[in-house]
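Observations on the three-dimensional arrangement
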Amino acid sequence: MALNASKLKVGDVHTARLVDDLTRTQIVQYAGASGDYNPLHTDEIFTTKVAGYPSVFAHGMLTMGMTGKMLTDYVGDTRLTKYGVRFTSQVWPGDALDASATVKAITERDGKTFVELDVATTNQNGVEVLSGYAEARVDP
Amino acid sequence: MAAKKFPVEAGHILLFARSIGDDNPAYMDEEAASKTEAGGIIAPPTFVQSSAQFDPDYFLRPKIGQPWFGSGKNPTGLVRTGGGGGGGGGLHAEQHYEYHRPLRAGDVLTATTLPGKTWEKEGRRSGKLVFSESVTEYRDQNGELVITARGVGVRTERPVEQK
């Protein structure tokens, strides 16, 4: 279910709720699956007493992964050609996250058609936690 | 991240997809995946980050028999010297991927990482920031480039202030 260039226009926005109430357990799941066992994400005692943060916080890559679901649900499987982000604020247990992809341009290269997207994820306070871009191959 | 042999396994993809809250059948249901454009189980876009599991020296995984900087009897198992604020070897600032072809269960990747630029910036909420970039090429069993990844890490002078 890929996108059709003929039905897309600059400024179109696709949004998705990523998580309602991020749990510490989901962060633990991500640590286990990804292999990033940094205690900053799963060890409340280390993170508060040694590192000096108010609590554990999510891996940036968990936010990028969840935001990636919004993208692949929108552009279709195997269609992404580029996806890049900056992590602009930390994500904490209990956060609710919403992500959006906004059509920036429709381009052609080597006889193929692509959509360029601006990508952003924000928390329940409207604070941007991730800012980036993606490119995906679309049907003409 | 350097992994000489990173076997992309369906079970690992399932665990990874669950952890990011993605129940796309293309990641976990062989029969459903076989009917998609992918024609079989594929990996989510950020899956290659888990090549850390196959990097023998990955520093954010406890090593058997060695002290670990997370808590046990004490809040940290290590006496830290120097390093940045915030603990844990810095924070992830940016991540970029270019996809050259879909990554499928059954692929065996080799990851080769080259260091990139480093630069400094004065941060408002965490003091001096030292950024360092690395570029990782993921090639398949035939030497074909599958994914190019560029990561930027940042070391902060002190923990990031919370508003």
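Up top is the structure.
Residues numbered from 1 in each chain as written. Chains lettered and ligands numbered in written order. Predicted model: local features only at pLDDT ≥ 70, side-chain atom pairs only at ≥ 80, totals over all residues. Heavy atoms only, no water.

1. Details of helix 1 (residues 10-19) of chain B
Buried residues of helix 1 of chain B: His12, Ile13, Phe16, Ala17 and Ser19 of chain B, and no others. For helix 1 of chain B, the arc enclosing every buried residue in end-on projection is 160°, short of the 170-degree limit, so these residues lie on one face. For helix 1 of chain B, the secondary structure elements touched by its buried residues are helix 1 (24-34) and helix 3 (60-75) of chain A together with strand 1 (3-7) of chain B. Gly21 of chain B sits one or two residues past helix 1 of chain B and shows a positive phi near 70°. (Buried < 20%, exposed > 50% of the residue type's maximum accessible area, 1.4 Å probe, protein only. Helix = DSSP H or I, 4+ residues; strand = E, 2+ residues; numbered from the N terminus. Arc of directions from axis to C-beta. Contact = heavy atoms within 4.5 Å.)

2. Here's the deal with the interface of chain A and chain B
The partner chain B presents 50 residues to the 47 residues of chain A that form the contact. Summed over both partners, the interface of chain A with chain B comes to about 3800 Å²; 58% of that surface belongs to carbon and sulfur atoms. Applying the counting rule to chain A against chain B returns 2 salt bridges. Across the contact surface, chain A and chain B share 14 residue pairs in polar contact (both at pLDDT 80 or more). (Buried area = accessible area lost by both parts, 1.4 Å probe. Salt bridge = Lys/Arg side-chain N within 4 Å of Asp/Glu carboxyl O. Polar contact = N/O pair within 3.5 Å; in protein donor to acceptor, adjacent residues only side chain to side chain.)

3. As for the environment of Thr76 of chain B
Here Thr76 of chain B lies in the loop between helix 2 (30-34) and strand 2 (91-99). Contacts of Thr76 of chain B, omitting those with residues within four sequence positions, involve Phe46 and Val50 of chain A together with Phe69, Gly70 and Ser71 of chain B. For Thr76 of chain B, the side chain forms a polar contact with the main-chain nitrogen of Leu78 of chain B, separated by 3.3 Å.

4. Focus on the environment of Asp43 of chain A
Its place among the elements puts Asp43 of chain A in the loop between helix 1 and helix 2 (44-50). Separated by 92 residues in the primary sequence, Asp43 of chain A and Glu135 of chain A have C-alpha atoms spaced 36 Å apart. Excluding residues that lie within four positions of it along the chain, Asp43 of chain A makes contacts with Val56 of chain A together with Gly70 and Ser71 of chain B. From its side chain, Asp43 of chain A meets the backbone nitrogen of Phe46 of chain A in a polar contact 3.0 Å long.

5. Things to note about the sheet that holds strand 2 of chain B
Each strand in a sheet pairs with another by means of backbone hydrogen bonds, the pair being arranged parallel or else antiparallel. On the basis of which strands lie adjacent, the open sheet formed by 10 strands has the order 1(A)-3(A)-4(A)-5(A)-2(A)-2(B)-5(B)-4(B)-3(B)-1(B) and antiparallel pairing. Lying at the two open borders of the sheet, with one neighbouring strand each, are strand 1 (13-19) of chain A together with strand 1 of chain B. In this sheet, adjacent strand axes meet at a mean angle of 20° when their direction is disregarded. (Pairing = 2+ DSSP bridges. Axes fitted to C-alpha atoms, helices over the stretch in contact; angles between N-to-C directions.)

6. Focus: the pattern of salt bridges
Residues and elements named next belong to chain B. Using the criterion set out here, one finds 16 salt bridges over all chains in the structure. The salt bridge partner of Glu31 is Lys35, with a shortest N-O separation of 3.5 Å. Residues Glu31 and Lys35 agree in their burial class; the two are exposed. Of the charged contacts, one joins Arg101 and Asp107 as a salt bridge, the two residues approaching to 3.0 Å between their closest N and O atoms. This pair shows no difference in class: Arg101 is buried, exactly as Asp107 is. Members of the salt-bridge network, linked through shared partners, are Arg101, Asp107, Asp140 and Glu144.

7. Overview of the nonpolar core
Among soluble globular proteins, nonpolar side chains are generally buried collectively. Among the nonpolar cores identified, the biggest contains 60 residues, and Leu117 of chain A together with Leu103 of chain B are the most heavily contacted of them. When residues in this core are grouped by element, the largest group, 8 residues, is from helix 3 of chain A. When residues no more than four places from it in sequence are discounted, the contact partners of Leu117 of chain A are Leu71, Tyr74, Val75, Ala101, Thr102, Val103, Lys104, Gly132, Tyr133 and Ala134 of chain A. If you look at the next biggest cluster of nonpolar residues, it comprises 11 residues, including Leu40, Phe57 and Trp92 of chain A together with Leu60 of chain B. (Core = buried A, V, L, I, M, F, W, Y, C linked by side-chain atoms within 4.5 Å.)

8. A look at the packing of helix 1 of chain A against helix 1 of chain B
For the pair helix 1 of chain A and helix 1 of chain B, the least separation of the axes is 8 Å and the interaxial angle reads 150°. Between helix 1 of chain A and helix 1 of chain B, the crossing angle belongs to the class labelled roughly antiparallel. Helix-helix and strand crossings are classified by hand; for helix 1 of chain A and helix 1 of chain B the assignment is left-handed. Contacts between helix 1 of chain A and helix 1 of chain B involve Gln26, Gln29, Tyr30, Ala33 and Ser34 of chain A from the former and His12, Leu15, Phe16, Arg18 and Ser19 of chain B from the latter. The residue makeup of the contact of helix 1 of chain A with helix 1 of chain B, split by class, is 4 nonpolar, 5 polar and 1 charged. (Parallel < 35°, antiparallel > 145°, perpendicular 65-115°, else oblique. Left-handed = near helix turned anticlockwise from the far one by under 90°. Nonpolar A, V, L, I, M, F, W, Y, C, P; charged D, E, K, R; others polar.)

9. What to know about the packing of helix 1 of chain A against helix 3 of chain A
Residue and element names in this part refer to chain A. As a packed pair, helix 1 and helix 3 sit with axes 10 Å apart at the nearest point and diverge in direction by 95°. Relative to helix 3, the element helix 1 lies roughly perpendicular. In contact with Gln26, Ile27 and Tyr30 of helix 1, helix 3 contributes Met61, Leu62 and Met66. Grouping the constituent residues of the contact of helix 1 with helix 3 by class yields 5 nonpolar, 1 polar and no charged.

Spatial relationships are all this shows, so hold off on functional conclusions.
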